[in-house]
Each structure stands twice: as structure tokens, then as C-alpha cells.
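Here is how the chains run, residue by residue.
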Amino acid sequence: MCSRVFIFLIGALHIYYQVLANTQDNVYIAELMVESNVTLDVLTVLSVFNTTTDLQVSNSSQTSHKVTILLSKVVAECLIIADQTSCNCSVGYIWSNEVCYASGCCRETTCKKNVSHIAPLCVAKAKVHINGSVTLLPTTATWSSTSNSKLIQCFEGLNGFQYLNITDSRSNGVDFEVAVSVKFLTDKLQSIVTEVEQHLSAFVLVDTLGMVTIKAPGTAVEYLNKTVLKCTFEETTDSAGWNMSKPHERFELNNGTVVKLDGNCSTQQDKSCVAVTLLNVTGIWEGTYECGFMKGSVRHTAKTNLRVAVLPDEITLKINPLTADCSENSNVDIEVTATIPKSTEHYEVSWSFMGKRESKLHNTSVNDAVVYTFKAPVSCIKITEAQYVNVTFENSLSQSKSARLDIPVIYKGETFCSEEELNGEIWPKAPSGDTVINRTCAAGRVGYKSRTCQGTTWQPVFSYCVSQELNRVFNEADSFKMGLGATQEVAMNIFEGLKNNSEFDSDSDATADISISINVLSVMAIGSENVALQDEVFPDFVSAASNMLNKTWSGINSSIVHGMSSDYLQSVEGLVKNIRVSKSSAPSITSQNLDLKFCSGDGCNVSTFDISVSLNKTTGLVKTVAVKNLMDKLRNNFKETVPTSIVLSATLEGNSNSSLGITLDFPNEQLKPTQAYCVFWNTVERDWSDTGCTVKSSGSDRTRCECNHLTSFSVLMAKDDISDPVLDTITTVGLCVSVCSLLIFLIIESLVWSAVVKTNLSHFRHTAIVNIAVFLLLADCSFLASSSPENLSDSWCLVLTVCKHLFFLAMFSWMLCMSVMLVHQLIFVFSPLRKRVFMFLSSIVGYVCPILIVGSSYVYSKYTNKHYYDKNTCWLVYERLLEGSVHAFLLPVGTVILTNLFSMVVVILTLMKTSVPDGKTDEKETVKSILKVVIFLTPVFGVTWVIGFFLLILDRNSPLLKIANYSFVILNSFQGLFLLITGCFAEQKVREELFRIIMAKSKGKSNSTKNLTSTTYTKDK
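**Observations regarding the overall build of the chain**
Within the chain, the regular secondary structure consists of 20 helices and 57 strands. A total of 1021 residues make up the chain; the buried ones form 45% of that total. As presented, the chain carries roughly 51,300 Å² of accessible surface, and 54% of it is formed by carbon and sulfur atoms.

**What to know about the sheet that holds strand β31 (residues 400-407)**
One open sheet holds the 4 strands; their spatial order is β27-β26-β30-β31, and the pairing between them is antiparallel. Taken across any chain shown, the strands that pair with only one partner, and hence form the sheet edges, are β27 (356-360) and β31. For this sheet, the mean angle separating the axes of adjacent strands, direction not counted, is 25 degrees. Two elements, strand β26 (residues 348-353) and β27, share 3 bridges in a ladder whose sense is antiparallel. Residue Ser350 lies in a different strand from β27, and its bridge partner there is Lys360.

**Comments concerning the pairing of strand β46 (residues 611-616)**
Only one face of β46 is covered, namely the face carrying Ile611, Val613 and Leu615; the face carrying Ser612, Ser614 and Asn616 is uncovered. Here strand β45 (residues 603-608) pairs with β46 via 6 bridges, running antiparallel. Of the residues in β46, the one forming a bridge with Asn605 is Ser614. Between β45 and β46, which pair antiparallel in sequence order, lie 2 residues; one of them, Phe609, sits at a positive phi of approximately 50 degrees. Pairing geometry for β46 and strand β50 (residues 662-667), over 4 bridges, is antiparallel. Within β50, the residue paired with Ser612 across the bridge is Asp665.

**Things to note about the pattern of salt bridges**
Oppositely charged side chains are able to pair whenever their charged atoms sit close together. Summed over all chains, the structure comprises 27 salt bridges. Salt-bridge contacts for Asp540 lead to Lys499; the nearest nitrogen and oxygen are separated by 3.2 Å. Of this pair, Asp540 sits in helix α8 (residues 538-547) while Lys499 sits in helix α6 (residues 488-500), placing them 41 residues apart in sequence. Given a relative accessible area of 28%, Lys499 falls into the partly exposed group. Each of Arg250, Glu290, Arg299 and Lys303 takes part in one network of salt bridges that share partners.

**Some words on the packing of helix α10 (residues 725-756) against helix α17 (residues 960-973)**
Think of two packed helices as two axes; the pair is described by the angle between the axes and how far apart they sit. At a closest axis distance of 8 Å, the pairing of α10 and α17 adopts a crossing angle of 20 degrees. Taken as axis vectors, α10 and α17 run roughly parallel relative to one another. In terms of crossing hand, the pair formed by α10 and α17 is right-handed. Two secondary-structure elements touch here, α10 through Val726, Leu727, Ile730, Thr731, Gly734, Leu735 and Ser738 and α17 through Asn965, Tyr966, Val969, Ile970 and Ser973. When its residues are assigned to classes, the contact of α10 with α17 shows 7 nonpolar, 5 polar and no charged.

**Concerning the state of the cysteines**
Throughout this description, disulfide means a covalent bond between two cysteine sulfur atoms. A full pass over the atoms with the stated rule returns 12 disulfides. Between Cys105 and Cys111 runs a disulfide, and the two sulfur atoms are separated by 2.0 Å. Here the S-S torsion is close to 65 degrees, and the disulfide linking Cys105 with Cys111 is therefore right-handed. For Cys111, a relative accessible area of 0% puts it in the buried group. Sulfur-sulfur distance for the disulfide between Cys693 and Cys707 comes to 2.2 Å. What sets the handedness of the Cys693 and Cys707 disulfide is the S-S torsion sign, and at about 120 degrees it is right-handed. Of this pair, Cys693 sits in strand β53 (residues 693-698) while Cys707 sits in strand β54 (residues 702-707), and the two are 14 residues apart along the sequence.

Reading guide: rules and limits
- Residues numbered from 1 in each chain as written.
- Predicted model: local features only at pLDDT ≥ 70, side-chain atom pairs only at ≥ 80, totals over all residues.
- Heavy atoms only, no water.
- Helix = DSSP H or I, 4+ residues; strand = E, 2+ residues; numbered from the N terminus.
- Buried < 20%, exposed > 50% of the residue type's maximum accessible area, 1.4 Å probe, protein only.
- Areas by Shrake-Rupley, 256 points an atom, 1.4 Å probe, with all protein chains shown as cover.
- Pairing = 2+ DSSP bridges.
- Axes fitted to C-alpha atoms, helices over the stretch in contact; angles between N-to-C directions.
- Salt bridge = Lys/Arg side-chain N within 4 Å of Asp/Glu carboxyl O.
- Parallel < 35°, antiparallel > 145°, perpendicular 65-115°, else oblique.
- Left-handed = near helix turned anticlockwise from the far one by under 90°.
- Contact = heavy atoms within 4.5 Å.
- Nonpolar A, V, L, I, M, F, W, Y, C, P; charged D, E, K, R; others polar.
- Disulfide = S-S within 2.5 Å.

Below, the structure is given as C-alpha cells:
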């Protein structure tokens, strides 16, 4: 009895799910085994299926389905005679893994075992390659031929093994490749890897090619379009990912602004899946893509090429000359050069002038660029619109991209800037209002320089020529942000490159380098939102960020500086927030301008640059970074304030409690009492705000802030406690009136001097009051000159501070002389002062003493290394009680005012004693006399300045403070006017003499002055 069994693989069966009424097509593969006791012809069996198209089949749940046979094929044939079996796979098929590992039939030879019951029996051949590396452990001997034999022996256990080749040999191991013709389970390969490691005492890594199914676009992808690549694998794996490679480059893909990874695409059949979506594809995404699934030490991979119908990412247009000069010509030909990066894409390139399409262009290659050159005929007939050229590139998918360049034209009779050579560079003639772009940079730099012509004057050159190394670092950071090569290692290289190139030497290009360095920080801050960076990047990041603040950021306007500083702060804060920190290590990093501290645990108390930070919390990690030399670069429109030198950023990681509060204790840096404001940086408004922040206490040394949110904080100080636009206006008007009044007073005194100083007493009085007026005039002029300290140099600020200090002290010194003289005359009626004695003593008090006080205070400040003046106010410094140079003014002035008040009391008491005690009329006269004394002596005795001492005493929140402020400003800014009224117009002798002079001049009598002044006065009025 003989029996021949034919096993057919009925491929691609079309099954219709009639029960579920599902119209979806599903394709299945089934095996058919035919048993017979007679010899059957294969073709006869196959002919049955050729005439049968539909079958009824039942599944495991006995549900019947109608299927359509699409393909039938013989894949194996077994001949069984008695107990002898001979089985063979058809051409293109090989024994399945089930057959191989159960019966040992693992090659394309005849199998002598009865395997006809195993399904599947044979499977289609597959090309699978295994690349591996074996590295011996340090304790193992060197690699030998025996090691080779053992390696081959182990891998021969794989089903479908074809060969093993050694691709690279070294003393401690080899690299190898293996070819097999059937897919296998990962566990089988892993067992072989483990066997090699045990027998050779080595470490083995392997990856496969041919086990994973990859789906990718079969044609070129459109420029700036979206594309999806997908890899599937039948087994469950530990991890999956994507790489992209170009010649001599390999990048790991991670989530970014362009790359979007998806690991949730698995199905019941494909248990592992990873897809990558590329958004807005450009030329840099053209290359070989490789997906990988990791299980144990085995990595399964698949590769495919992605081609992009690219367009130039950057089109650089240059013209020569830089300006078309039509002032002396009728027509001008301008040479235009279009440069693009080298690409494999074949472009159709054309150009147009003023919208009129011209001929196609042909290129020449220069290094890594492709250059197109043509000449544009510029018309010298004046038109209102700009004359321009357009260059258009079209790719193989008929997509196009254009670049336009306006050509500056100097028409006849128009205003222009003449050609000028500056620092070895020629800036050609340019029409008014035009900005000339010069794309020539120094060696080692790339970018451009621009210069604007306004009228007939060239504006300063703006340079954006950046270091080639920094430009390379920026390109790497930009790729990181998109997801190309976004790994911890690449991030560390970027920050290392930024640190190494952040020592800016060239002043002319330093700002451009700082600008692109800030761009690197901004880009990395965005990239770190998608890729978790570890704290190993902190040292280089902090060093680089600190170095950027060593320069003044000069050569650009304030709006650009404000934008750069805001971007800097936001980037530093974002990076500190996103970079992961190991709570066990929690490093602290301090540099010249940045101080980075971390705090974990229930309570957090840290100090950065002398700023104490306290935050009560239960969980999470607090990150604080204090920044120096940035506050003066940030925009500040918050009231009339000046910033402190430090801004502090605080973030909390691992805690979502939104009700947490933070307390910050800032050192006071102002040299006089100021109003403190606790503020945070509003990233939307790009300015300071005090929302959610309050000042809990503010003393002479520290300011404590409490805020209910975390961000970047600082303290702003009011320029003056009494800063008020109304007060500023009153001060300016009052001082101007005083200056005019004092000039009038001195003129009148010079006219009436000989007539009003007939006695010693009147001579003493007028000498003192003239000196008071002169020094008050000089002090008021110095005050007006220093009313805008921000516009003054340090030297001028110092000079004006010394002048105000000296002149005001001299004024008060002469006030003291006048009051002492008056009291002496009242008390010692019969012992009058001699003129020589008065002038000698008054000169010492009025001239020498102020000079000694000012000089001593200045020398003392220099000797003790303390500030003599505050450059923000151009006035003396108040630190605290009895500390600060301002006390060299307050103490003498206070002494003079107290003495003058005593003198006024003496005068009032003297008047009261000489009055008749009876009669209401006499009492009224006494009151009038006292009021006269108070009114007349208050301006010349400086009594109104006593209000200034109350300003020092009153609390900042006191309702009396505003009243005192206005009183002090009004009374003292108009002091010159009051002096004119009380010292000149209120004195009868002066009035009479002035009236007589005016009357005499009106009558035209040349000798009237002599006659009118001949009257002798025997009593001072």
C-alpha cells in the first residue's frame, strides 16, 4: 500500500463575512493536505481548484463563511511509503521554523522525517541579514580562529542558515554578518547570542534586517508637504525608534517641531509598531530612514530611502554694484547673482525684471553652492515703484519658489549719500531712505552688514556677521528643535560649542554673536520641551549664558536690546525648567553672572547672589537661577522706577499645587531711601508687572517680597520717594522763577547799594543777604543742570553734586552769619560789631567752612570706599541713620536752622518786651510786628527747609507725607522769589531809592542819582 500526500498552500483566499454584513476584504492563507492510497497527479489536484471559485468554510466557532479562491500553488510534496518518508519544499520555499526546530530539517535538502502533520510545512524564502559585534570581556584571552569556529557553530543553529562572514577583526573581538533565508523568532536568536556570550566570555550585540515590514512613499515627496513612514513587527518588543542617515552622518529622530513619533499603531497581527510623521518636509529630510525594534540585546531593523522634490531653503541674491547710479547715466546694467545650497534636484530656473519673464538660467558650482548669474537692465527713467528682479526655481513636481531683490536707484536730481570708505569697506552712493546690504564679512564669519542712508548722511553700520562656529552651533540647535538628532549627547555638544564660542572679542561683531547665541538658547528651550535633557548639560549651558552678559550689547537700538534681553530671560528660564535634575545629586552651579541652585524636601530655603528664597512645599524640586547684568537691558515701563541689578527665576518641578507662595528677600542697592516694588516679568507683555506680588517689608538693607506664583522676579526702586509729575513741574517752574528773581534782586542791590549801606548794621545785613542770593542762584542753576541725571556722564554728575553741596552749605552759612549778627545787635545793644570783625568772621563761616565740609566728606568717602554721590540722582548718598555722605549736608543745615529758629524766637521775645502791655491797639501792633518778623526772616533764615527733616521722619504711608512734599517743594523752589519780595521790595529804603532812581531816569536828569542819594539816614528801617 502506498500513499502519496500532496500539501497545497492555497494563497490569498478572499473571505466574505456574510454574518456581519461586512464589506471589508480580508486575505488569508490556508494549507490543504490531500491523502490518497493511489498515486495522484499534482496537476489533477490543482485542476479541481481551477474550476472551483467559491467554497463554504467554517471557523473555530463553527460559523460558516463563503470564500473565494484567488491563487493555488504547490509548496511541498511528501512521499510516504510504509515507515519511510521523503519530503521536499517547492522552489522558493524552505522548511518552516516549526519543522526545523521539531525535526531538525533546517536546510533546503530532503527531509526524511514524517513532518506532513506540521503546519506550516514550508514557508516562502526571505532575505534576512544579521549584523553583529562580539567584544571579549577584559578577563578573556585574545580572539582566535577557535573563537571564529565557535561563533559559526552557534549561528548554524538558525533555520535557513546560509553563511557567516567576519567583516572586521580586532584583538578583543570581531564584527560579523550572517545570512539566513527565513524569518525567525527573536527568542531563538537571543538564545544563540546568550550561548556565544557564555562560551566566549564576551558581550554580543546583533541587529537584523529583513524581519520588519516598512511602509514609505514610493515616489518623491512634495516640498513642505507631510509624509508618514511606518514599521511593523509581528512580536512584542521592548522599545522602538527611528534613525535617519546621510553620507557620513547619522541622526536619531525624536519628537520635535517637524518629527512626530507614534508608537501606538500596533494591531493584533503586528504586535509592535512605530510610525514617524514628518511635517513641512524640506531638503534636509532627504536620506535613508531606519526603524528599529529592540528586544533584549537583539535589534530588528528595516530601511528605506526617502526622496524629496526639494526647493532651495535659502536663496541669496546679490547685486554688483550695490546701487544703480542714474545721476550721470541713461541706463545701468546690474549684475545679479543667485546662490543656493548644492542639491541633487534638477531645477528649472528663470528670472524676471519688473515682472517681465526673461530667459532660463544655467548654473556653475562653487564649493557647496550653486550660483546663477545674469545682468538686469535698470532704467534711469524715474518711476514711483521700485525696480526689482525675481528669480524662480521649479522642481520636478512643478513646485516653485521665488526670491525678489529691489535694486536701489539714484535718479538724477535726487538726494543721496556719497560713496564712503569705512573700516576698509566701500559703501557706494545710495538714495536717501535706502538700506544698503553688504554680504561680505570678515574671514571666519558669515552673514551681512547693512547701512541706511538718511538724507545725505550715512547711519551707523549694523553688522550681522556672525562667527561660522556659532552659525554651525545654531544650525545644530535648529535641527535639534525639529527632532533631527535630538539626543542628550547632541545637546551637550551644542552647549559645549556655545560655551567655547561665547568669549566675544570683536566689539564690532560681538552683538551679532550675542544675538545668534541667544537664538541658540531660544531654540534649545523649545527643543527641550520635547526631549528630556539631563542635568549634565547645566555646566556648559550656565557658562555660555553667563558669558553673553559680559558685554554691553552696544551698537543697536534699545528696542532690539529689549527684545534680545527678553528672549534671553525666557530661554534661560525655559531651559532651567525643562532640564531634568536628579534629586540625589542636585548640583549647584555658580558663574560670574548666573547662580543656579536646587532645593528638594519639605521646606526650601536657598540663597542666590545674596537673594534669599523660601518656599513651603511638601513635594517637588525647586529650581532657582539668579541673573546679573540683565536688568538694565530689559524694558522697564513700570512707573518711574529703576531696576536692581539681579533678576531671579524660580520654578517648581513635580508639584502641581497652584496655591503655593514664594518669599524672596532682596538686598537694597539704592544709595538713598526709595520706594520698593516687587515685580515679575510678564512674558506676554514683555514688561514688569506686580500682579500677585506684594512688598511685605522694606528697610534700609533688605526688601522682602511675597508672590503667589513662580516665574522671574525682581525688585524695582522708585527714583525718588516723592516722584510726581506735578512736583517735577512745580520744581522746574519754581527754580526758573527763583533764578530770574535772584538776578533781579542782585541787579537792584547793585543799583541801591551805596544808598542802603550807610550804617554798619545795614552793611552787615545787605552783605549777608547778597551772599545768600548769590549762592542760592548758583545752587539753583546747578540743580537745574542736574535735573536729568540719565543724560549726564559720571564726571559731570560728580561736579554738579559737589557744586550743589558747596553752594547750599555756603547759603546756609551766610544765613547763620545774618541771624547771629541780628541776635548780637539785639542783646548787646551798646557793644556793636565792628565792620572788620564781622567781615573776617563771616568770611570764615561763609566761605571757608563750606569748602572744608565738602572737601572732608569727599575725601572720607574715597578713603572708606563708600559712595560720595548717587549717579541716578546726582546728589549725596543716604544709607541709613548717620551713615552716608548726605549727613555732611544734613547736620550742618540742621544746626543752622536750629540756630536761626532760636534767633527768630529771640527777636519775637524782644518785640514783645518793648511793647506796651495795655490797650488792644498795642497788642495788635505787637502781633503785626511778630508776623512781619516771621514773614521777613523765614526766607533769609532758611526756616522752610525744616520741612525736609520731617520728610525723613514721616512714614512712607503717612497721609501727611504728601502735604509735606508739596509744602517743601513750593516753599523752597520759589525761595528766590520770596527773597526778592522780603529782602528788596519789603524794605522801605530800597523801595524809596529804587523809586527815586526810576523817577530820575524818567525825567532825563543825569545828575539825579547824586541828588536823590544825598539824604542821610540815621536809623535803619
